[in-house]
Structures are given as C-alpha cells and as structure tokens.
Amino acid sequence: KKNQVLDLLHPVCDGISDFVFDGILSSPKQWEYRNKMEFSFGDEVKDGPLTLGLHKKGSFYDIIHVNGCRIVHPDFRLILDTVRDYCADNQIPYYHKNSHEGVLRHLLVRRSESTGELLVAIVTSSQYEDVVMEEHLNKLSELLQKQSLEGTLTGFLHIINDSLGDVVKSDETHIIYGKDWFMETVLGLQFRITPFSFFQTNSLGAEVLYQTAREFIGDALDDEANQTVFDLYSGTGTIAQILSPVAKKVIGVEIVEEAVVAARENAALNGLTNCEFIAGDVLKVIDTIGEKPDYIVLDPPRDGIHPKALEKIIRYNVPQMVYISCKPTSLARDLEVLQARGYQVKKVQCVDMFPATGNIETVCLLGR
C-alpha cells in the first residue's frame, strides 16, 4: 500500500513539493473491524438452494455464503447463518433481478464498536401478503434475540424496497423489534447511527484517521479559536465536530441531505453550537456562503473533486488545507491541479482503514 501511494504521488510532486511521508498508521484491529455489512439473498448456482452472502467476484448473480468472513465480528456471522437458515427452512423466495419477482433482497447489519449494539434489517419487495411476512419477521426477530450474541440486538427492522436497482434503499421501514438507531463514540463524540447513516465502516480506524487530520489541522489553527473552517464533503460532520473546539466556526457542505440532517442532530447531541451544515453540491453551494474560510478540509468521494469545484476552492487562497482521500489515483489527479495553482504538499500520512483489502486512506497537508 505504501508503494501504491508513493508510486502515484512522486511523479506528480517531484520537482514541485518536497513532502514528508510519515508512513502508514495501522488499523487498531486487523480482523473483525467492519461495523456494517450488506448481504444479498440469491443462489450460489443457477436454480440452486437459497443462500445469503456476497456476490461472487465478477458475477452479478452468483451469491456466496460467507460465514467464514474474518473482517466482520462473529455476531455478523451468527446473524447471517440464523437468517439464511430460517428463510431457507420456510421456503421464502428470493427476489430475482431479471424477472423482478420474489421477496428476499438484502440483509443489513450494523454494529457499534463502543457498545456492541446491533441493528439488523431485512430488505424485501412487497410481493408477499403483509400478514404472512409479518408473522415470519416476528418469528425471526424472536429467534435472533435468543442467539448467543456477544453484543445486544437493539433493533430489528423490515425495509420494503420495490426499486428495480440492486441497491439497499427504503420505500418503507417498519420496526419489528426495538429501535432504529444506536450510538457510536469516536474521539469522545457521540454519533447516532441509523440504517442508512453514512459512517466510516471501521470505527476504531476512523479514530486514527480523524486524529491524524486533527493533528495536521491543529498545526495551523491558533488557540484563540478565531478562524472559520470549511469542511467540504462533510458527510455526517465528524471532522467538523472534531475541529469545532479550536475554530470560531465550522461550515460543512454535503450533497446527501440525510447526512446533513444527521450532522445537525449529532452536533446538537454533542452540545456544539459553532457548526453549520449545508445540504447541496459543493460546486454550487460555496458561491452562496457569505463567510470566507481561513482553512479548508476536503474529504471528497472516491472520484475526487469536480474540476470546476476545485477551481472555486483554490480561489479562496487559504494558506493551508488538508485533503483526505480514499482513492490515491483521484488524489494524485487533484494534487496536480492544486500544485499548478500554487500549493505544495507538505506532509503525507496514510491510514490503513481496510486491512486485508487493497484500499488505503491518505491524509495530505498542503500549503501556499
């Protein structure tokens, strides 16, 4: 992973930025670190028995039962087996992607690292009698509550999704048992997690990542807390809330409205009054913000920053900014533009958020 990042950055930075590479910080957990999984119902071979798991690599249809998966907590594996066995024993049909007929679509499991609370949701089509489906779900809920889970089942949900796409989304959500949220703690801050909350999938790794970003940023923000910080592509506002104690004001911009609602709720929950969150596309929203930033944090999606948005960000001419990237190729492309416009890469730190995969997070400090 180190070579992957440096092989991309050196051709872009050599002769322009003499940066310090601080290596890769490891995830606190190498195994069982994922706090969220979306499993699919289907069959492993055409017209085979029902299974529940993940798509076979390179296949749109074949599903492999993954009860040996080691990047998730054993509670995930026990829930996976319990749900699959119940649905198979009761011959509940799975949803066929071609004919759009059938019922079972996905199993969503989320787990709090700090409390061990588990949120489980069965995603189905509406192609079953309500009373029959309700009876099955109540029995399955009771069965899950009796399992020897290390954590606690805090909620069991039924999500109805009749969209044609093979994605986990909700037309309707019904609580079968418990509640539809749990709390997670990151660097002393509380976050309310719901079925569709955007949140880092490695909670302990997220602490390492955000601590790294805070250290990079802390070098630039003074103790008088009189500076305005823009947190662009802010998600549920984790970075904004971590920075709020050392800033006069933090303004987060995020295109996903549900994430913005969650960010506002979490900021209120943590008693933070100097965070503002705006829903919208960074490209359009930054033209409407009256304040000017003293500092900018960038945490864009995998494809990086829209070229026109990047130009607007550069025109703020802030002395320093931090770029957090989950895809080194996108980072290298954007750094080329930033350096051409007068910025230099000062420091680079990687964080291994996804052990046993090829993915890596990279934090870059840039200065004029």
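Structure shown above.
Each chain carries its own residue numbering, running from 1 in the direction its sequence is written. Local features are withheld for residues below a pLDDT of 70 in this predicted model, meaning they are given only at 70 or higher, and side-chain atom pairs are given and counted only at 80 or more; totals for whole chains, interfaces and linings count all residues. Heavy atoms from the whole structure form the basis of all side-chain values; hydrogens and water molecules are not counted.

1. Quick look at the sheet that holds strand 6 (residues 117-124)
Now for step 1: At least two bridges found by DSSP between two strands are what make those strands a pair. Only DSSP runs of H or I reaching four residues or more are called helices, and only runs of E reaching two or more are called strands; each is numbered from the N terminus. With mixed pairing, seven strands are arranged side by side in an open sheet as 4-3-2-5-6-7-8. Of all the strands in the sheet, just strand 4 (63-64) and strand 8 (172-178) have a single pairing partner and so form its edges.
Now for step 2: Bridging between strand 5 (residues 104-111) and strand 6 involves seven bridges; their strand directions are antiparallel. Following the sheet pairing, leucine 108 is matched in strand 6 by alanine 121.
Now for step 3: Residue contacts follow a heavy-atom distance rule, with two residues in contact if any of their heavy atoms lie within 4.5 Å. Interaxial angles span 0 to 180 degrees and are taken between N-to-C directions of axes, which are lines fitted to C-alpha atoms, for helices over the stretch in contact. Together, strand 6, strand 7 (152-160) and strand 8 form the strand contacts of helix 3 (residues 130-145), whose direction differs from that of strand 7 by roughly 160 degrees.

2. Observations concerning the pattern of salt bridges
Now for step 1: Any Lys or Arg side-chain nitrogen found within 4 Å of a carboxyl oxygen on Asp or Glu counts as a salt bridge. Within this structure, the stated rule accounts for 14 salt bridges.
Now for step 2: Residue glutamate 32 pairs with arginine 77 through a salt bridge whose shortest N-O separation is 3.9 Å. Here glutamate 32 is found in the loop between strand 1 (20-25) and strand 2 (36-43), whereas its partner arginine 77 is found in helix 2 (residues 74-89), with 45 residues between them in sequence.
Now for step 3: The buried label applies to any residue whose accessible area, calculated with a 1.4 Å probe on protein chains only, is under 20% of its type's maximum; exposed applies above 50%, and partly exposed to all values in between. The class for glutamate 32 is partly exposed, based on a relative accessible area of 28%.
Now for step 4: Since its relative accessible area comes to 18%, arginine 77 is described here as buried.

3. Some thoughts on the packing of helix 2 against helix 3
Now for step 1: Packing of helix 2 against helix 3 brings their axes to within 11 Å, and their N-to-C directions diverge by 145 degrees. In this structure, the crossing between helix 2 and helix 3 has a hand that is right-handed. Contacts between helix 2 and helix 3 pair Ile79, Thr82, Val83 and Tyr86 from the former with His136, Lys139, Leu140, Leu143 and Leu144 from the latter.
Now for step 2: When the residues that make up the contact of helix 2 with helix 3 are grouped by side-chain class, the tally is six nonpolar, two polar and one charged. Take the far helix as the reference: if the near one is turned anticlockwise from it by less than a right angle, the crossing is left-handed, and if turned clockwise, right-handed. The classification used treats Ala, Val, Leu, Ile, Met, Phe, Trp, Tyr, Cys and Pro as nonpolar, Asp, Glu, Lys and Arg as charged, and all other residues, Gly among them, as polar.

4. A few points about a negative patch on the surface
Now for step 1: Like-charged residues within 9 Å of one another, or nonpolar side chains (Val, Leu, Ile, Met, Phe, Trp, Tyr) within 5 Å, are grouped into patches, provided each residue has over 30% relative accessible area and no salt bridge. Using a 1.4 Å probe, accessible areas were evaluated by the Shrake-Rupley method; residue-level cover was limited to the displayed protein chains. Neither His nor the chain ends contribute to the count of charged residues, in which Lys and Arg are positive and Asp and Glu negative. The atoms used to mark charge sites are NZ of Lys, CZ of Arg, CG of Asp and CD of Glu. Taken together, the side chains of Glu129, Asp130, Glu134, Asp162, Asp171 and Glu172 define an acidic patch exposed on the protein surface.
Now for step 2: The topology assignment puts aspartate 130 in helix 3.

5. Here's the deal with unusual backbone geometry
Now for step 1: The phi dihedral of aspartate 47 falls on the positive side, at around 65 degrees, and the residue is not glycine.
Now for step 2: By the secondary structure assignment, aspartate 47 is in the loop between strand 2 and strand 3 (50-55).
Now for step 3: Within the chain, leucine 187 stands out as a residue other than glycine whose phi angle is a positive 50 degrees.
Now for step 4: By secondary structure assignment, the location of leucine 187 is in the loop between strand 9 (182-186) and strand 10 (189-193).
Now for step 5: Residue classification places leucine 187 among the partly exposed residues on the basis of a relative accessible area of 25%.

6. Details of helix 8 (residues 307-315)
Now for step 1: Buried within helix 8 we find Ala309, Leu310, Lys312, Ile313 and Ile314.
Now for step 2: Looking at the buried residues of helix 8, the elements they touch are strand 11 (228-232), helix 7 (282-285), strand 14 (295-298), strand 15 (320-325) and helix 9 (328-340).
Now for step 3: Among the residues trailing helix 8, asparagine 317 stands out with phi positive, at a value near 60 degrees.

7. Focus: helix 1 (residues 2-13)
Now for step 1: Multiplying 1.5 Å by the residue count of a helix minus one yields the expected span of that helix. Taking 1.5 Å of rise per residue, the 12 residues of helix 1 would be expected to cover 16 Å, and the 16 Å separating its terminal C-alpha atoms lies within 8% of that figure.
Now for step 2: Among the residues making up helix 1, those that are buried are Val5, Leu6, Leu9, Val12 and Cys13. Down the axis, helix 1 shows its buried residues gathered within 135 degrees of arc, on one side only. Exposed residues on helix 1 whose side chains face more than 90 degrees from its buried face are Asn3, Asp7 and Pro11.
Now for step 3: Buried residues in helix 1 make contact with strand 1, helix 9, strand 16 (344-351) and strand 17 (361-367).
Now for step 4: Downstream of helix 1 by one or two residues, glycine 15 has phi in the positive range, about 85 degrees. Our arc is simply the arc of the directions from the helix axis toward the C-beta atoms.

8. Concerning the nonpolar core
Now for step 1: We define a nonpolar core as any set of buried Ala, Val, Leu, Ile, Met, Phe, Trp, Tyr and Cys residues linked to one another through side-chain atoms lying within 4.5 Å. In this structure, Phe41, Ile79, Val83, Leu107 and Ile122 are the most contacted members of the largest nonpolar core, which totals 74 residues.
Now for step 2: Residue contributions to this core peak at seven residues, all from helix 4 (residues 203-218).
Now for step 3: Once you skip the residues sitting within four places of it in the chain, valine 83 turns out to touch Phe41, Leu52, Leu107, Ile122, Leu140 and Leu144.
Now for step 4: Core analysis: the second largest hydrophobic core is formed by 39 residues, Val282, Val285, Ala309 and Leu310 among them.

9. Considering the sheet that holds strand 16
Now for step 1: Across the sheet, eight strands lie side by side as 1-16-17-15-14-11-12-13; this open sheet has mixed pairing. The open sheet has two edge strands, strand 1 and strand 13 (275-279), and neither has a second partner. Along the sheet, successive strands turn relative to each other by an average axial angle of 15 degrees, direction set aside.
Now for step 2: Sheet analysis places strand 14 next to strand 15, joined by three bridges and oriented parallel. Looking across to strand 15, one finds that leucine 298 is bridged to tyrosine 323.
Now for step 3: Strands strand 1, strand 14, strand 15, strand 16 and strand 17 of the sheet are contacted by helix 4, whose axis makes an angle of about 160 degrees with strand 16.

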